[in-house]
Amino acid sequence: MTESGLVRRFSQNLLGRDLAVGDIHGYFALLQQTLDGVGFDPARDRLFSVGDLTDRGPDCAEALSWLARPWFHPVCGNHDDYVCRYQSCDLDNWIQNGGSWFQQLTEIEQARFAERYRALPLAIEVQTQAGPVGLLHADCPFSNWQGLLDKLDAGVSGGQLRAIKNVCLWSRRRIELLDESGVEGLVALVVGHTPLGAPARLGNVHYIDTGGWYPQEGGYFTLLDLHSLIPVTIGASR
């Protein structure tokens, strides 16, 4: 793995599988059940996450222990960004969207979460036999993946970084427009953020948030194999 602040790059996994999971939102116990159900081997396999680790679910406090696992690699989601900005974000909006767990932590615990979340990359690139696969939380602000990496690697800051993060963390424009133009320079871009009843694809952009964080309404965790681009779970947590 190589790192450049906002980007993390991973070489091809020659030992096992690379799986990506949709938004987690504090349902780590159900995620573990899903991994167990597909025979996930932490000695060989890697799990990539499209972010939103916490808020809403019962296991938010477990996020730090998951981040310490050497095979678990998330990008930052918009809910994770609340934690990064916990001293300046819109607190009422955050609590309305599941952030009350954070308010119950001690100041030391809050600072520990914020420090760890601030180290999350905005983008991940994973090499596969077919070529690179990218992961973001919501969408890519450029038509070409390299355009995003160039900006992030160069240490973009200020208003330009805020504009990039706004798309990467929040945008639903592509899926609302059913835009199939895709993102050049990648075999696939894998995102979450928009909850769906089943995994979906627009061009080479794969949407994998299938609501593992609302199992009471039939949601489940999708695990997408980054080498075959085929989900290995369909309704596994129902």
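Nothing here was measured: the structure is a model prediction, and the numbers come from that model. (Residues numbered from 1 in each chain as written. Predicted model: local features only at pLDDT ≥ 70, side-chain atom pairs only at ≥ 80, totals over all residues. Heavy atoms only, no water.)

Colleague: Hey, could you run me through the environment of H73 in this one?
Modeller: As for its position among the elements, H73 is in strand β5 (residues 72–74). By relative accessible area, H73 is classed as buried at 13%. As for H73 and L47, which are separated by 26 residues in sequence, their C-alpha atoms are 6.2 Å apart. A polar atom in the side chain of H73 sits 3.2 Å from the backbone oxygen of P70. (Helix = DSSP H or I, 4+ residues; strand = E, 2+ residues; numbered from the N terminus. Buried < 20%, exposed > 50% of the residue type's maximum accessible area, 1.4 Å probe, protein only. Polar contact = N/O pair within 3.5 Å; in protein donor to acceptor, adjacent residues only side chain to side chain.)

Colleague: Sorry, what's going on with the sheet that holds strand β3 (residues 18–21) here?
Modeller: Two pairing modes exist for strands in a sheet, parallel and antiparallel, and in both the strands are linked by backbone hydrogen bonds. Overall, mixed pairing links the four strands, which are arranged β5-β4-β3-β11 in an open sheet. Every other strand in the sheet has two partners, leaving β5 and β11 (223–225) as the edge strands with one partner each. Taken pair by pair, the neighbouring strands of this sheet meet at an average axis angle of 25°, ignoring direction. Bridge analysis of strand β4 (residues 46–49) against β5 gives three bridges, and the strand direction is parallel. Counterpart to S49 in the pairing with β5 is P74. (Pairing = 2+ DSSP bridges. Axes fitted to C-alpha atoms, helices over the stretch in contact; angles between N-to-C directions.)

Colleague: How should I be thinking about the packing of aromatic side chains in this particular structure?
Modeller: Here a ring pair, both rings aromatic, is described through the centre-centre distance and the interplanar angle of the planes. Counting across every chain of the model gives 14 aromatic pairs. Note on F28 and W66: the rings are 5.2 Å apart at their centroids and 35° apart in plane angle, and the pair reads as tilted. Separated by 38 residues along the polypeptide, F28 in helix α1 (residues 28–37) and W66 in helix α2 (residues 63–67) bring together distant segments of the chain. The exposure class of F28 is buried, given its relative accessible area of 2%. Judged by its relative accessible area of 3%, W66 is buried. (Phe/Tyr/Trp six-rings, centres within 6.5 Å; stacked < 30°, edge-to-face > 60°.)

Colleague: Sorry, what's going on with the side chain of D23 here?
Modeller: On the secondary structure map, D23 appears in the loop between β3 and α1. Buried charge without a partner: D23 forms no salt bridge, and the closest opposite charge is R56, 6.3 Å away. A polar contact of 3.1 Å, which involves the side chain of D23, links it to the backbone nitrogen of H193. (Lys, Arg positive; Asp, Glu negative; His and termini not counted. Salt bridge = Lys/Arg side-chain N within 4 Å of Asp/Glu carboxyl O.)

Colleague: What should I look at first to understand the layout of surface pockets in this one?
Modeller: A probe matching the size of a water molecule, rolled over the atoms, marks out where space remains unfilled. When its volume is computed, the largest pocket comes out at roughly 160 Å³. Lining the largest pocket we find 15 residues, and of these R56, N78, H79, R172 and H193 sit closest to its centre. In terms of residues, the lining of the largest pocket owes the most to one element, helix α3 (residues 78–84), which gives three residues. (1 Å grid on protein atoms, 1.4 Å probe; cavity = no way out; pocket = protein on both sides within 12 Å on 5 of 7 lines; lining within 4 Å. Points joined across faces, edges and corners; volume = space filled by probe spheres on them.)

Colleague: Explanation requested: the nonpolar core in the structure shown.
Modeller: A general tendency of soluble globular proteins is for nonpolar side chains to be buried together. Of all hydrophobic cores here, the largest spans 59 residues; its most connected members are L47 and W145. In this structure, A20, F48, A188 and L224 belong to the second largest nonpolar core, which totals 14 residues. (Core = buried A, V, L, I, M, F, W, Y, C linked by side-chain atoms within 4.5 Å.)

Colleague: What exactly am I supposed to notice about the pattern of salt bridges here?
Modeller: Think of it this way: side chains of opposite charge can pair up when their charged atoms draw near. Enumeration according to the criterion identifies seven salt bridges in this entry. One salt bridge in this structure joins R17 and D45, with 3.2 Å as the shortest N-O distance. Of the two residues, R17 is situated in the loop between β2 (7–10) and β3 and D45 in the loop between α1 and β4; the sequence distance between them amounts to 28 residues. The salt bridge involving R46 is made with D18; its shortest N-O contact spans 2.7 Å. Pair noted here: R46 is in strand β4 and D18 is in strand β3, with a separation of 28 residues, a long-range link. Residue R46 is classed as buried on the basis of its relative accessible area of 14%. Three or more residues are tied together by salt bridges with common partners; here these are D81, R85 and K165.

Honestly, that's just the spatial picture; any functional story needs more than this.
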